[in-house]
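Coordinates in review
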Number of protein chains: 2
Amino acid sequence: MSAPKVQLLLTGNELMTGDIVDSNSAMMAQVLKDIGLGIYRKVTVADDLALLVSEITYIASTSDILIINGGLGPTVDDLTAQALAVAIGKDLSQHPQALAHLTNWCQQRGTELNGPNLKQAILPKDCQIIANKKGSAVGFFVRYNHCDIYCTPGVPHELETMLIEQIVPTISEDLPRDLITDVTRLQVFGLGESSLQKMINEQLPEWPAAIELGFRAGMPLLEVKLTTNTQKGLSMKSAWQKRLTKVLGDHLIAEIKGKPKSLAEHLLNQLHQHNLKITTAESCTGGLIASKLTEISGSSMNFEAGFVTYSNEMKTAMLDVPTNLFEQYGAVSEKVVIAMAKGSLVKSNADLTIAVSGVAGPNGGTEEKPVGTVWFAWGSIDNIKTQCLLIPYKRYKFQQFVAAIGLDLLRRYQQNITTIPNYIIERSFTDQ
Amino acid sequence: MSAPKVQLLLTGNELMTGDIVDSNSAMMAQVLKDIGLGIYRKVTVADDLALLVSEITYIASTSDILIINGGLGPTVDDLTAQALAVAIGKDLSQHPQALAHLTNWCQQRGTELNGPNLKQAILPKDCQIIANKKGSAVGFFVRYNHCDIYCTPGVPHELETMLIEQIVPTISEDLPRDLITDVTRLQVFGLGESSLQKMINEQLPEWPAAIELGFRAGMPLLEVKLTTNTQKGLSMKSAWQKRLTKVLGDHLIAEIKGKPKSLAEHLLNQLHQHNLKITTAESCTGGLIASKLTEISGSSMNFEAGFVTYSNEMKTAMLDVPTNLFEQYGAVSEKVVIAMAKGSLVKSNADLTIAVSGVAGPNGGTEEKPVGTVWFAWGSIDNIKTQCLLIPYKRYKFQQFVAAIGLDLLRRYQQNITTIPNYIIERSFTDQ
């Protein structure tokens, strides 16, 4: 027996105008995932009776479960009860249990039960009430055409409580026992979606269909997802995950458990374990690396100071970069970025540093050092590494990637990984 | 002639699993509203070929315009081109223009055009290409069954650029002439949506229905939108806009023409006009203010250095903050933030500064200085202003707001505005 097919029908003018972003359906998906159910189709419509009736009729004939969200309120544009009644061919009538809830609700708040409120007790005949602990609008349930239809309130916290406490337990009772959903998510950095797909095609050509591979391009991390819904997939999964992990190599940042962590958070966790302090010397990122680090709560244990040295004068004043280096090599050069790194370590007493100097653009590029050129220096005072990259993105994305690459270079250093990936384009020249 | 009927079809497994919240469709709704178009139905499905084909077929028979979003990527689960080809009964073939774009895209980035990338050039025969300035996946267009079908990329900034620069102008050409849409957008800072709505209700109670008022809460700026679709509304608009401007007072940052500017960009423009240099001394924002400034191209003309002084020791080492101030008043105090401001001006030779010290949380709060407390100091060496606020947001949002308020305080200073708005909660105590 396979998993029931679930569809969502969301209703509300505000969902169509862009005035609000729908977060309810993501929440419902997450909650249903916990009992092994996926949502396979979702329809969103304005508060329009004819449209609602036609959607309900169609979905009820093509799914096992339909969750309708929204349209339970007291105003004239709340049409869910009416639309459902028409779709399933029932009359509307005052539901005694719903009326009792409303009376009780108003009494507790010292308000009078008025006309618009009363409308919330007028429901399709013979429907079952679903309690709403958090609001005046009760939910309701009917079974029609072999489809279980749940009508739920649009207010997010009312919906969440009703879903978790009432609806999910009901659905779970009817679920087949052999239902399996197993999801693993991996965080990857330094590989694009298409390069990774190519690597998998080439190195793991026999990837089994029973383990679904998905990619999600975060900025700047890539998320790789392995999903399986079958006993067969599950039995093969650990072996194939190991093979994939090998292909990912040192690009694999971590397996995600719960909320994904940022590169800065992974790095800070490492530093924290070894009781190491980090500092930053930033030119083209202008404080972005420091701000990524300090975004993490508890970062003060491992970060005390950052230097944003945008002009040459301030590189010298704050980090003691010798002025002759600018004349001889230019601000975007290996010599300067090394001097920045050393200066930041000396001035801050930190153990490790990330220094960057580059041409963020759109102006300031030359033939020798075009827009997108960036020098990195990282490491500890007696072991500073360097790298030059050409990052072909516009200013904002350039800065985000430089910050991310800087953090990743230090992660690799800290893990004793000596290979440096071809993040974007490695520039082969040195300016020595 | 009435407005064309628009539907959206969104595709992506990540949209069904709740891993991401769909913000694309809200953005599309806002952009289409500017040319007088509403979206009347929206369907979201997983990456499933049969389902996509059936949705496209049905929608094409019931709408004038269908915008498909997502599924243009290089991986096997990107199915839009294939599904569209099946739905409209065309073969797939390599499109020379799409291939040229991909070749060019890879060349500029010095990467090789690989198999997965090539897939992005395999499109339904005879489709028209829609340029993608921001990414590798071109969009494409077909007219089928009297429906205009636009296929667009799922990456938000790629979609937005394509929509605004390519698709909206095309759709506009075909719109009936009697469809008037006049939109003015104003950027506001320091007022919440509900406070502003209340001010308008009280001070402009006769606001005409013919001029629709909309709010869009940006982070951290609020966008106020005046829309009119009638000749009557148009004739009254300039007078009512003047009245609204008066109500907004010094909270009005600017009228938006084209792409909205950030607070940092507005401030830098002012500084540039007066040839003034700015610096920053940041504790709780950890480099965020500096990074907001340096995000703006050309910022090097007015920004040379920023100081990220997270620990007390480094506040003293980098900015000469006297150590006795920490013992006597604590790091989050007026005295310390003034000393940080002065130190940053002396060390950087800048004309103006923003200094902040606060408790970002979740730890580190006390009864006297709870999480969310922040001291600001700003101005020039002989005229430093201070302010203490309690900002009741969690760490990330707290840091974003502190940075924005710091920038706004300096904007007011620079414009000789002496009033300080009640941004969030002003704390009345001083620690002197």
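Model, not experiment: these values are computed from the prediction.

1. Considerations on the overall build of chain A
Summing up its helical and strand segments, chain A has 15 helices and 18 strands in all. Against the 2.2 N^0.38 benchmark of 22 Å for 432 residues, chain A shows a C-alpha radius of gyration of 29 Å, more extended than a compact globule. Overall, chain A is about 90 × 55 × 40 Å in size when its C-alpha atoms are taken along their principal axes. Burial status across chain A gives 46% buried among its 432 residues. Partitioning the contacts of chain A with sequence separation of at least 6, the portion at a separation of at least 24 is 68%.

2. What to know about helix α2 (residues 24-33) of chain B
One turn of the α-helix equals 3.6 residues, which is why residues spaced by three or four share an orientation. Most of α2(B) sits out of view: seven of its ten residues are buried. Of all the residues in α2(B), the buried ones are B:Asn24, B:Ser25, B:Ala26, B:Met28, B:Ala29, B:Leu32 and B:Lys33. Residues of α2(B) that are buried sit in contact with α1 (13-16) of chain A together with β1 (6-11), β2 (39-45), β3 (65-69) and α7 (156-174) of chain B.

3. Focus on the sheet that holds strand β11 (residues 222-228) of chain A
Residues and elements named next belong to chain A. Across the sheet, four strands lie side by side as β10-β11-β9-β12; this open sheet has antiparallel pairing. Strands at the two margins of the open sheet, each flanked by one partner only, are β10 (212-217) and β12 (252-256). Recorded for the sheet is a direction-independent mean angle of 25° between the axes of neighbouring strands. Judged from the seven bridges that link them, strand β9 (residues 182-188) and β11 form a sheet pairing that is antiparallel. Pairing of Thr 184 across the sheet is with Leu 226, part of β11.

4. Side note on the nonpolar core
The tendency in soluble globular proteins is for nonpolar side chains to be buried side by side. A:Met340 and B:Met340 are the most contacted members of the largest nonpolar core, which has 138 residues in total. Among all residues touching A:Met340, those that are not within four sequence positions of it are A:Ala281, A:Thr309, A:Lys315, A:Leu319, A:Val321, A:Ala355, A:Ser357 and A:Ala377. By size, the runner-up hydrophobic cluster in this structure holds 100 residues, among which are A:Leu66, A:Leu159, B:Ile65 and B:Ala81.

5. So, the UniProt feature "domain: MoaB/Mog" (unreviewed entry) in chain A
When the UniProt feature table is mapped to this numbering, "domain: MoaB/Mog" (unreviewed entry) covers residues 7-174 of chain A. Strand forms 23% of residues 7-174 of chain A and helix 43%; the C-alpha atoms that close the span are 17 Å apart.

6. Some remarks on the confidence of the model for chain A
All names here are of chain A. Looking at chain A as a whole, the pLDDT averages 91, with 96% of positions reaching at least 70. Residue range residues 426-432 is modelled with pLDDT below 50. Its contacts to residues more than four positions away, or to other chains, number ten contacts. The complex prediction reports pTM at 0.75, with the ipTM value standing at 0.74.

7. A word on the sheet that holds strand β8 (residues 147-152) of chain A
Judged by pairing direction, the sheet is mixed, and its twelve strands sit side by side in the order β6(A)-β7(A)-β8(A)-β3(A)-β1(A)-β2(A)-β2(B)-β1(B)-β3(B)-β8(B)-β7(B)-β6(B) without closing on themselves. Looking at which strands have only one partner, the edges of the open sheet turn out to be β6 (128-130) of chain A together with β6 (128-130) of chain B. Each strand of the sheet is rotated relative to its neighbour by a mean of 20°, with strand direction disregarded. Along the sheet, α7(B) makes contact with β3, β6, β7 (139-144) and β8 (147-152) of chain B, crossing β8(B) at roughly 160°.

8. Focus: the domain arrangement of chain A
Residues and elements named next belong to chain A. Domain annotation for chain A reports domain 1 (6-174), domain 2 (182-256) and domain 3 (263-426). Relative to domain 3, the C-alpha centre of domain 2 lies at a distance of 30 Å. In this complex, domain 2 contributes nine residues to the contact, which on the side of domain 3 involves eleven residues.

9. Here's the deal with the packing of helix α10 (residues 263-273) of chain A against helix α15 (residues 395-414) of chain A
The axes of two packed helices give the description: the angle between them and the distance between them. Residue and element names in this part refer to chain A. Close contact between α10 and α15 brings their axes to 9 Å; oriented N to C, the two are set at 30°. Viewed along their axes, α10 and α15 adopt a mutual orientation that is roughly parallel. The hand of the α10/α15 crossing is left-handed. On α15, the residues that touch Leu 263, Ala 264, His 266, Leu 267 and Gln 270 of α10 are Ala 404, Leu 407, Asp 408, Leu 410, Arg 411 and Gln 414. Taken together, the residues of the contact of α10 with α15 break down into six nonpolar, three polar and two charged.

10. Regarding the pairing of strand β17 (residues 383-390) of chain B
Residue and element names in this part refer to chain B. Inspection of the sheet shows strand β16 (residues 373-380) paired to β17 by eight bridges, in the antiparallel sense. Within β17, the position partnered with Ala 377 by the bridge is Thr 386. Count of turn residues in the β16/β17 antiparallel hairpin: two residues.

11. So, the interface of chain A and chain B
With 58 residues of chain A in contact, the opposing surface of chain B contributes 61 residues. Elements that contribute at least two residues to the side of chain A that touches chain B include exactly α2 (24-33), β2 (39-45), α8 (193-203), β10, α11 (288-294), β14 (303-309), α12 (312-319) and α15 of chain A. Examining the composition of the side of chain A that touches chain B, we find that seven residues originate from one element, β2(A), more than from any other. Taken together, the residues of the side of chain A that touches chain B break down into 25 nonpolar, 22 polar and eleven charged. In terms of strand pairing, β14(A) meets strand β14 (residues 303-309) of chain B through five bridges, oriented antiparallel. From the neighbouring strand, A:Val308 faces β14(B), where its bridge partner is B:Gly306.

12. Focus: unusual backbone geometry
Residue and element names in this part refer to chain A. Between Gly 361 and the following residue, Pro 362, the backbone shows a cis peptide bond with an omega angle of 0°. Relative to the helices and strands, Pro 362 is located in the loop between β15 (352-358) and β16 (373-380). Positioned with a positive phi, Asp 126 is a non-glycine residue whose angle comes to about 70°. Along the chain, the position of Asp 126 falls in the loop between β5 (122-124) and β6. Even without a glycine there, the phi angle at Asn 145 is positive, about 55°. Within the fold, Asn 145 resides in the loop between β7 (139-144) and β8.

13. Let's talk about helix α5 (residues 96-108) of chain A
Residue and element names in this part refer to chain A. Taking 1.5 Å of rise per residue, 13 residues should cover 18 Å, and α5 covers 18 Å from first to last C-alpha, within 8% of that figure. Along α5, the residues classified as buried are Ala 98, His 101 and Leu 102. The arc enclosing the buried residues of α5, seen along the axis, measures out at 95°, which places them on a common side. The exposed residues of α5 that point more than 90 degrees off its buried face are Pro 96, Asn 104, Gln 107 and Gln 108. Against α6 (115-119), β5 and β6 lie the buried residues of α5. Trailing α5 by a residue or two, Gly 110 shows a phi angle of about 65°, which is positive.

What counts, and where the lines are drawn
Chains are numbered independently. Their residues run from 1 in the order of the written sequence. Numbering of ligands from 1 and lettering of chains from A proceed in the order in which they are written. Residue-level local features of this predicted model are given only where pLDDT is at least 70; pairs of side-chain atoms are given and counted only at 80 or more, and the full residue set underlies all totals for whole chains, interfaces and linings. Comment: elements are numbered from the N terminus, with helices defined as DSSP H or I runs of at least four residues and strands as E runs of at least two. Between the two quantities, the radius of gyration covers C-alpha atoms and the globule rule is 2.2 Å times the number of residues to the power 0.38. Counts of 20 or more other C-beta atoms within 10 Å of a residue's own C-beta define buried residues, counts of 12 or fewer define exposed ones, and intermediate counts define partly exposed ones; C-beta atoms are placed from the backbone. Contact definition: two residues whose C-beta atoms, as placed from backbone geometry, lie within 7 Å. Two strands pair under a simple rule: DSSP has to find at least two bridges between them. Axis definition: a line fitted to C-alpha atoms, limited for helices to the stretch in contact. Angles are taken between N-to-C directions and run from 0 to 180 degrees. The term nonpolar core refers to a group of buried residues, namely Ala, Val, Leu, Ile, Met, Phe, Trp, Tyr and Cys, whose C-beta atoms join them within 7 Å. UniProt positions are given in the numbering used here, feature names are shortened, and annotations may be inferred rather than shown by experiment. As a per-residue quantity, pLDDT reports the predictor's confidence and falls between 0 and 100. The split into domains, and so the bounds of each, comes from an automatic or database assignment of domains. Any angle that falls under 35 degrees is termed roughly parallel, while one over 145 is termed roughly antiparallel, one within 65 to 115 roughly perpendicular, and all others oblique. Crossing chirality is assigned from the near helix's rotation relative to the far helix, an anticlockwise turn below a right angle marking it left-handed and a clockwise turn marking it right-handed. For this classification, the nonpolar set comprises Ala, Val, Leu, Ile, Met, Phe, Trp, Tyr, Cys and Pro, the charged set comprises Asp, Glu, Lys and Arg, and every other residue, Gly included, is treated as polar. Take the residue count of a helix, subtract one, and multiply by 1.5 Å to get its expected span. Taken from the helix axis, the directions to the C-beta atoms give the arc we talk about.

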